[in-house]
Amino acid sequence: MQNFTLIPMQFAVPDFLPALPEIYLLAGTCLVLLVDLFLKDSQRFISYLLAQVVLIITALLVLASFTGFPFFESLQLSSAEKVTTFSEMFVLDPMARILKLTIIIITIGVFVYSRDYLRSRDMYKGEYFTLGLFAVLGMMIMVSAQTMLLIYLGLELLSLSMYAMVAFRRDDGRASEAAMKYFVLGAIASGMLLYGMSMIYGVSGSLHLEHIGRFMASNQVMDNIGLLLGLSFIIVGLGFKLGVVPFHMWVPDVYDGAPTSVTMFLGAAPKIAAFAMIIRLLVEGLGDLVQGWQQILAILAALSLLAGNIIAIAQTNIKRMLAYSTISHMGFVLMGILAGTQTGYSASMFYIITYAIIATGGFAVVILLSRKGHEADQLSDLKGLSSRSPWSAFMMMLFLFSMAGVPPTVGFYAKLSVIQAVVNVNIIWLAVFSVVMSVIGAYYYLRAIKLMYFDKPDEFDAVNNSLINVKSQWDFSLLLSINGLSVIALGIFPGALMSLCVWAISSSI
Amino acid sequence: MFDGYLLSVLIWLPIIGGIVTLFSGDTLGARPVALLVSAVTFFISLLLWTGFNPEGYQMQFVEFAPWIESFKINYHLGVDGISMPLILLNTLTTVLIILAGWEVIKHKPAQYMAAFLIMEGVINGVFAAQDSILFYVFFEAMLIPMFIVIGIWGGDNRIYATIKFFLYTFFGSVFMLVSLIYMYNQAGSFAITDLQSVKLSMTAQILIFLSFLVAFGVKVPMWPVHTWLPDAHVQAPTGGSVILAAVMLKIGGYGFLRFSLPMVPDASSELAWLVIFMSLTAIVYIGFIALVQNDMKKLVAYSSIAHMGFVTLGFFVLFPIIANMGSSEGTLLGLQGGMIQMVSHGFISGAMFLCIGVLYDRMHTREITAYGGVSNRMPKFAALFVLFAMANTGLPGTSGFVGEFMVILTSFKANFWIAFLATTTLIIGAAYTLWLVKRVIFGAVTNPKVAELIDINKRETLILGILAIFVLVLGLWPEPLVHVMNDSLVHVIEQATTSKLVN
């Protein structure tokens with residue numbers, strides 16, 4: 001029996017610097033939690049502002065480790081470097097930096113989008129923001145985790161916060177049902193993941209991904225039943241978290257039942273963390289089992305593309321439609337990963353980052369359409385939006401075309417890069433299948449655009465018989481414009497973000 | 001002027017002009033701004049003609065800048081004798097469309113004009129792109145404005161038509177994307193010239209050829225994937241029909257010359273029979289379908305499909321001739337015929353749709369039976385309409401004759417029956433067009449509304465007059481156009497007859 005040590009027995013003080021953003025975020029979150037206790041309901045914006053400030057400072061700290069601020073330079077923490085700390089359990093590499101930054105930026109956006117929504121529905125509570133911050137902390141830990149234990153810890157921190165956020169509208173039956181479903185299925189998934197991890201640990205003798213990787217490289221792994229079984233359980237767990245077919249059942253119900261602002265959060269940032277988790281577990285840990293997981297993921301991807309795109313056509317509820325659309329997009333993300341090449345991983349990374357941007361924008365428009373007493377979650381609520389609010393209709397059109405993958409929006413380049421990755425490893429059937437599915441998918445995106453542009457609005461004010469205006473705060477409108485224009489800007493100049501992803505993957509894995 | 005970035009100006013000036021138009025207001029600003037932008041673009045595009053050197057097949061006005069470095073995709077533009085005339089056709093057509101929509105479009109004119117300007121820039125991009133992904137981006141981006149134009153300003157059944165149009169063309173092109181990526185993995189670059197020189201196995205070539213056939217066949221459109229076209233044409237506003245018939249369909253033909261023939265020559269040769277069969281079916285069968293239409297726009301739409309059959313026939317008849325004669329001598333005429341047919345069809349079909357638009361604006365119906373005796377009330381219009389109808393039937397002296405004659409002449413070298421079937425168009429085409437003229441223009445006035453018609457005004461006369469001049473000039477003196485594209489087409493034949501098979 002080889003003797004791998006779980007944790008080296010030495011008591012040097014760990015290097016806290018690579019984990020500085022996380023440490024700061026934890027402290028900041030506790031501060032928000034405390035301050036919020038002493039605030040009246042009318043002063044709730046203080047918690048909101050404080051949460052945003054905490055996020056911004058965390059983002060700056062992550063950014064600082066990027067650009068090599070003088071403070072960091074003295075500690076030789078250049079951005080292309082891979083630094084580990086806490087007995088090698090925590091890693092800070094370029095991929096982690098970029099993903100963390102994206103997660104934080106998306107969350108800042110989600111908070112801006114959701115503020116008014118929460119206020120008009122009596123959900124403007126400090127807990128919303130502290131839970132959100134804890135979720136971000138969980139995600140950041142997942143992104144940086146280098147042992148299976150830490151991955152699991154981060155995942156649970158994220159999941160527990162998310163369960164509570166989904167149940168935030170506690171007097172609403174559907175929200176509670178969604179939260180319950182999410183909790184039960186999420187718990188099963190965590191259990192599966194943990195079971196798989198324990199099997200891998202049993203065979204390889206270590207929780208540390210690098211050690212597992214080394215064990216894999218030096219043994220015949222493809223005929224090791226224990227490992228394969230562990231791998232299957234891990235994939236089941238990951239599949240649940242990512243929401244791919246056949247582990248997707250919770251996605252539409254949770255998306256539909258949760259308050260829209262929570263759906264937006266749930267649909268964007270955690271997907272990025274789940275991507276990181278897959279890269280860490282499957283690629284860094286079980287990279288030598290690639291033949292094992294490639295086929296499973298190919299089937300999961302194909303099924304997700306099929307079910308996601310076809311079932312979405314039958315939806316009349318826009319949140320459910322976007323939920324199925326997410327499922328199909330996760331199929332595309334898996335395509336890049338299953339290629340098992342660096343091009344593939346960077347393609348998936350590009351895909352997930354751009355998808356998070358697009359999905360946030362899409363849900364923002366759903367929030368924009370709703371008002372107190374009217375949730376606007378039906379597709380028919382989009383009717384005639386181009387007459388009611390031409391600019392937000394245009395933004396929504398950009399998001400929808402981007403989801404459909406029509407150039408010159410960024411969605412096209414995301415699809416291009418993952419398809420390139422699978423064609424590169426000669427899985428051409430999947431490439432052809434995915435493009436056929438994206439044509440089917442184009443139909444329901446087009447239908448939404450049709451509702452906005454070609455149909456007449458039917459939302460009239462009962463009192464003075466005029467069209468109901470679409471109202472929003474200045475920061476909401478500004479962010480929506482930035483969000484929408486970034487979809488087209490990234491579509492015209494996708495090169496920089498793509499190179500960034502390629503660089504991140506090649507210097508991390 | 002514009003040294004080194006002329007093509008960029010032609011792409012981005014209309015797009016930016018379109019955005020300006022969008023914000024210039026529905027009441028006054030939009031129309032003059034749009035006309036100014038389109039006219040300026042047209043005059044700038046004339047610099048392409050004057051500055052073009054017809055000697056050699058090399059790309060001219062080349063622009064090159066790295067774009068997406070991780071995939072080695074470049075912003076690479078250039079034109080040769082094939083694409084240059086098509087860009088001019090596009091810039092001219094857009095000016096006419098803006099003029100044609102001047103008074104007619106009352107609902108959101110700013111957005112209407114903007115959509116056409118943006119489309120103009122994007123289509124120029126399609127013809128100028130020398131990188132296949134850049135081509136694909138423009139190729140797809142073009143769908144968005146067209147989708148909106150049909151959907152907002154179209155007829156009663158516009159939503160069905162526009163979604164069908166979008167999905168059909170989108171479906172066609174996605175397979176091409178997979179093929180391009182496959183070839184990229186072999187060639188290590190997306191540049192069109194690199195893809196043209198990469199060696200491929202026969203199976204790969206056949207599959208790639210089929211994917212191109214779907215992409216460009218839908219665009220042309222070829223039988224049996226033509227069914228979106230009558231719907232789109234009938235429902236689209238006049239401007240939409242004109243740009244669709246005059247320019248967008250040409251992208252399909254252009255794709256065959258730029259992608260299919262040079263990139264997969266062996267498969268093209270192997271499957272030429274299929275394309276020829278499809279083209280002949282379009283010419284004969286679709287011609288008969290045109291004969292029975294009651295809707296004027298539908299009739300012209302079907303006649304477009306039949307005429308575009310000559311384009312694909314002219315391109316692919318090359319291979320049976322080589323099989324018969326053992327050399328590519330004389331095949332150039334077929335390609336030239338196809339190209340002239342494309343340009344000429346651009347003028348004629350554009351003019352036909354504009355004429356129908358003129359009638360529709362006055363009568364608000366496209367039913368042939370509602371008309372009769374229009375010549376009594378609108379003599380000027382009737383004269384022009386008859387001219388375009390004659391050109392549509394291929395009367396010598398009009399541009400319609402030149403291309404079809406060249407293609408038929410070439411087909412005789414390949415096979416008597418191919419030529420025979422192609423020639424039937426002279427009868428069928430004459431039948432449906434002349435019958436249309438008889439029922440609409442001539443005869444006694446039966447409908448009281450026809451009796452109230454007013455002849456075309458100065459604006460309409462100008463638009464149709466310009467097209468009439470082009471139809472006659474190209475019909476009487478096609479030499480300049482033939483000369484410009486000669487060397488590029490010779491090069492295409494060279495590529496199409498050089499095997500690229502992997503040993």
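Procedures and definitions
- Residues numbered from 1 in each chain as written.
- Chains lettered and ligands numbered in written order.
- Predicted model: local features only at pLDDT ≥ 70, side-chain atom pairs only at ≥ 80, totals over all residues.
- Helix = DSSP H or I, 4+ residues; strand = E, 2+ residues; numbered from the N terminus.
- Buried ≥ 20, exposed ≤ 12 C-beta atoms within 10 Å, placed from the backbone.
- Contact = placed C-beta atoms within 7 Å.
- Rg over C-alpha atoms; globule rule 2.2 N^0.38 Å.
- Nonpolar A, V, L, I, M, F, W, Y, C, P; charged D, E, K, R; others polar.
- Expected span 1.5 Å × (residues − 1).
- Core = buried A, V, L, I, M, F, W, Y, C linked by C-beta atoms within 7 Å.

(A) Region of interest: the overall build of chain B. Helices and strands together make up the secondary structure of chain B, namely 23 helices and 2 strands. When burial is assessed residue by residue, chain B has 63% of its 503 residues classed as buried. Residue pairs at least 24 apart in sequence account for 81% of intrachain contacts in chain B once pairs closer than 6 positions are excluded.

(B) Examining the overall build of chain A more closely. A count of helical and extended segments in chain A gives 20 helices and 2 strands. At 22 Å, chain A has a C-alpha radius of gyration in line with the 23 Å of a compact globule built from 509 residues. Dimensions of chain A, computed from the C-alpha atoms along their principal axes, are close to 80 × 55 × 45 Å. The burial tally for chain A puts 57% of its 509 residues in the buried class. Sequence-distant contacts, at least 24 apart, represent 78% of the contacts inside chain A between residues at least 6 apart.

(C) Fine view of unusual backbone geometry. A cis amide bond links Pro407 of chain A with the next residue in sequence, Pro408 of chain A, at an omega value of 10 degrees. With respect to the helices, strands and loops of the structure, Pro408 of chain A is situated in the loop between helix 16 (390–404) and helix 17 (410–424). In this model, Trp223 of chain B is joined to Pro224 of chain B through a cis peptide bond whose omega is 5 degrees. Looking at the secondary structure, you find Pro224 of chain B in the loop between helix 9 (202–219) and helix 10 (228–235). With a phi angle near 65 degrees, Glu88 of chain A is a residue other than glycine that sits in the positive phi range. Its location among the elements puts Glu88 of chain A in the loop between strand 1 (83–85) and strand 2 (90–92). Looking at Glu88 of chain A, the number of C-beta atoms within 10 Å reads 16, which means it is partly exposed. The phi torsion at Asn426 of chain A lies on the positive side, around 65 degrees, for a residue other than glycine. Note that Asn426 of chain A resides in the loop between helix 17 and helix 18 (428–453).

(D) Structural detail: the interface of chain B and chain A. Counting from both sides, the interface comprises 25 residues of chain B and, opposite them, 24 residues of chain A. When residues of the side of chain B that touches chain A are traced back to their parent elements, those giving at least two are strand 1 (60–68), helix 5 (132–141), helix 6 (143–153) and helix 7 (158–187) of chain B. Ranked by residue count, the leading element in the side of chain B that touches chain A is helix 7 of chain B, at 13 residues. Tallied by class, the residues present in the side of chain B that touches chain A amount to 20 nonpolar, 3 polar and 2 charged.

(E) Up close: helix 19 (residues 399–414) of chain B. Given a rise of 1.5 Å per residue, 16 residues ought to cover 22 Å, and the 24 Å separating the end C-alpha atoms of helix 19 of chain B matches this to within 8%. Among the 16 residues in helix 19 of chain B, 13 count as buried, and that is most of the element.

(F) Expanded view of the nonpolar core. Residue and element names in this part refer to chain A. Membership of the largest hydrophobic core comes to 402 residues, with the highest contact counts inside it found for Met142, Val166 and Ala273. If one sorts the elements of this core by residue count, helix 14 (residues 342–369) sits on top with 19 residues. The residues touching Ala273, leaving out its near neighbours within four places in the chain, are Ile103, Met139, Met142, Val143 and Leu158.

(G) Focus on helix 10 (residues 250–257) of chain A. All names here are of chain A. Across the 8 residues of helix 10, 7 count as buried, placing the element largely inside the fold. All of the buried residues along helix 10 are Trp250, Val251, Pro252, Val254, Tyr255, Asp256 and Gly257. Buried residues along helix 10 sit in contact with helix 6 (148–166), helix 7 (173–204), helix 11 (260–285) and helix 13 (318–338).

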